[in-house]
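Each chain, written out:
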Amino acid sequence: MAFASSNKSRVLAGSFSYSCYSRGFSASTSVDMLEVSTLCDDAKAFIPGQETSTASFDLIHDAAQAAHADTWKTATKLPITYLPVGTAVDDDAFLFDSIRTEYSISTSVTGTVDATLSTQTTGDTGYGRCLSPLTAIPADTNGSSVDNGAASSTGAVAHLHVTAFSGLASDAIRIEHSTNNSTWTTLATFTTVTGATSQRLDITGTVNRYVRVVDDVTGTGSCTRLVALARR
């Protein structure tokens, strides 16, 4: 077994890393159970319905964190990526597309000023891998490959979080896939980055066994970004 300390966990929402403002992060996924019992049944019978998830940030109040939460209005969807054991390539990643439902602040005489940010996910929750950690990219880069062991045929979802962008004219970021870890083709392309931002991509069709991130940088400076992908 490979247990991990919780201080290795990281969580990003949109273009902001909440990791160093958080005491904790929690998420819960549930499936509606639809009753299909009839008069002929001696016991209740159910079939699975729709899946839903919620997520909550336990925060220490700070001006930067509060400012980002304020821009995350109720009607705004932002991608959340939660990495429970760290952000190394191939580490676990949970991918949510979330709407903020609540933001509250509390304080006491003997404590810190704390905040809670609660969200409701929309669409499915993806369990996948970190393709590239939160890293400053100053030049064209081919990332390390992630091996799924086999191809998959039902698409994927990918998240990009750009938390800082300086000096560059642009960074064109794409995900490539390969059958043999040698010959690569484009699987998905994010909108060209020109500043701090976030994106969620829905990918259809076959995803080959190996995947990686590629950056095509224009200008002098750096783009600090994290990329994760969850196969469906």
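Each remark here, short or long, concerns the structure printed above.
Just so we're clear, the structure is a prediction, and the values are computed from it rather than from any experiment. (Residues numbered from 1 in each chain as written. Predicted model: local features only at pLDDT ≥ 70, side-chain atom pairs only at ≥ 80, totals over all residues. Heavy atoms only, no water.)

A. Representation of the packing of aromatic side chains in the model. Following the criterion strictly, the structure yields nine aromatic pairs and no others. Taking the centre distance of 4.9 Å and the plane angle of 65° together, the rings of Phe-25 and Phe-57 count as edge-to-face. Remark: Phe-57 occurs in strand S4 (residues 46–60) and Phe-25 occurs in strand S3 (residues 22–35); sequence separation between them is 32 residues. Among the residues examined, Phe-57 registers a relative accessible area of 0% and is labelled buried. Among the aromatic residues, ring-to-ring pairing joins Phe-16, Tyr-18, Tyr-21, Phe-25, Phe-57, Trp-72, Tyr-82, Phe-94, Phe-96 and Tyr-127 into one connected group. (Phe/Tyr/Trp six-rings, centres within 6.5 Å; stacked < 30°, edge-to-face > 60°. Helix = DSSP H or I, 4+ residues; strand = E, 2+ residues; numbered from the N terminus. Buried < 20%, exposed > 50% of the residue type's maximum accessible area, 1.4 Å probe, protein only.)

B. Structural detail: the pattern of salt bridges. Tallied over the full model, the rule gives twelve salt bridges. For Asp-114, the salt bridge identified is with Arg-23, shortest N-O distance 3.2 Å. Note that Asp-114 is positioned in strand S7 (residues 114–121) and Arg-23 in strand S3, a separation of 91 residues in sequence. Given a relative accessible area of 48%, Arg-23 falls into the partly exposed group. (Salt bridge = Lys/Arg side-chain N within 4 Å of Asp/Glu carboxyl O.)

C. Layout of the nonpolar core. Ranked by size, the top nonpolar core spans 24 residues in total, and within it Leu-131, Ile-175, Phe-190, Val-227 and Leu-229 carry the most contacts. Going through the elements one at a time, strand S8 (126–137), strand S11 (156–178), strand S12 (185–189), strand S13 (197–203) and strand S14 (210–231) are the ones with two or more residues in this core. The element best represented in this core is S11, accounting for eight residues. When neighbours within four sequence positions are excluded, Phe-190 is seen to be in contact with Ala-158, His-159, Leu-160, Ile-173, Ile-175, Gln-199, Leu-201 and Val-227. By size, the runner-up hydrophobic cluster in this structure holds 16 residues, among which are Ala-13, Phe-16, Leu-59 and Ala-69. (Core = buried A, V, L, I, M, F, W, Y, C linked by side-chain atoms within 4.5 Å. Contact = heavy atoms within 4.5 Å.)

D. The environment of Asp-62, seen in detail. Among the secondary structure elements, Asp-62 is positioned in the loop between S4 and helix H1 (63–71). A residue is classified by how much of its surface remains accessible, and Asp-62, at 29% relative accessible area, is partly exposed. On a C-alpha basis, the gap between Asp-62 and Asp-114 in space is 8.8 Å, while along the polypeptide they are 52 residues apart. A polar atom in the side chain of Asp-62 sits 2.8 Å from the backbone nitrogen of Ala-64. (Polar contact = N/O pair within 3.5 Å; in protein donor to acceptor, adjacent residues only side chain to side chain.)

E. Highlighting the side chain of Asp-97. The topology assignment puts Asp-97 in strand S6 (residues 92–106). By relative accessible area, Asp-97 is classed as buried at 10%. Contact partners of Asp-97, with chain neighbours within four places excluded, come to Lys-77, Leu-78, Pro-79, Gln-120, Thr-121, Thr-122 and Arg-200.

F. Spotlight on the environment of Ser-17. For Ser-17, the position within the fold is in strand S2 (residues 16–17). Taking the relative accessible area as the measure of exposure, Ser-17 reaches 23% and is therefore partly exposed. On a C-alpha basis, the gap between Ser-17 and Thr-163 in space is 7.0 Å, while along the polypeptide they are 146 residues apart. Non-local contacts of Ser-17, meaning those with residues more than four positions away in its chain, are made with Val-11, Leu-12 and Thr-163.

Geometry only, nothing functional implied.
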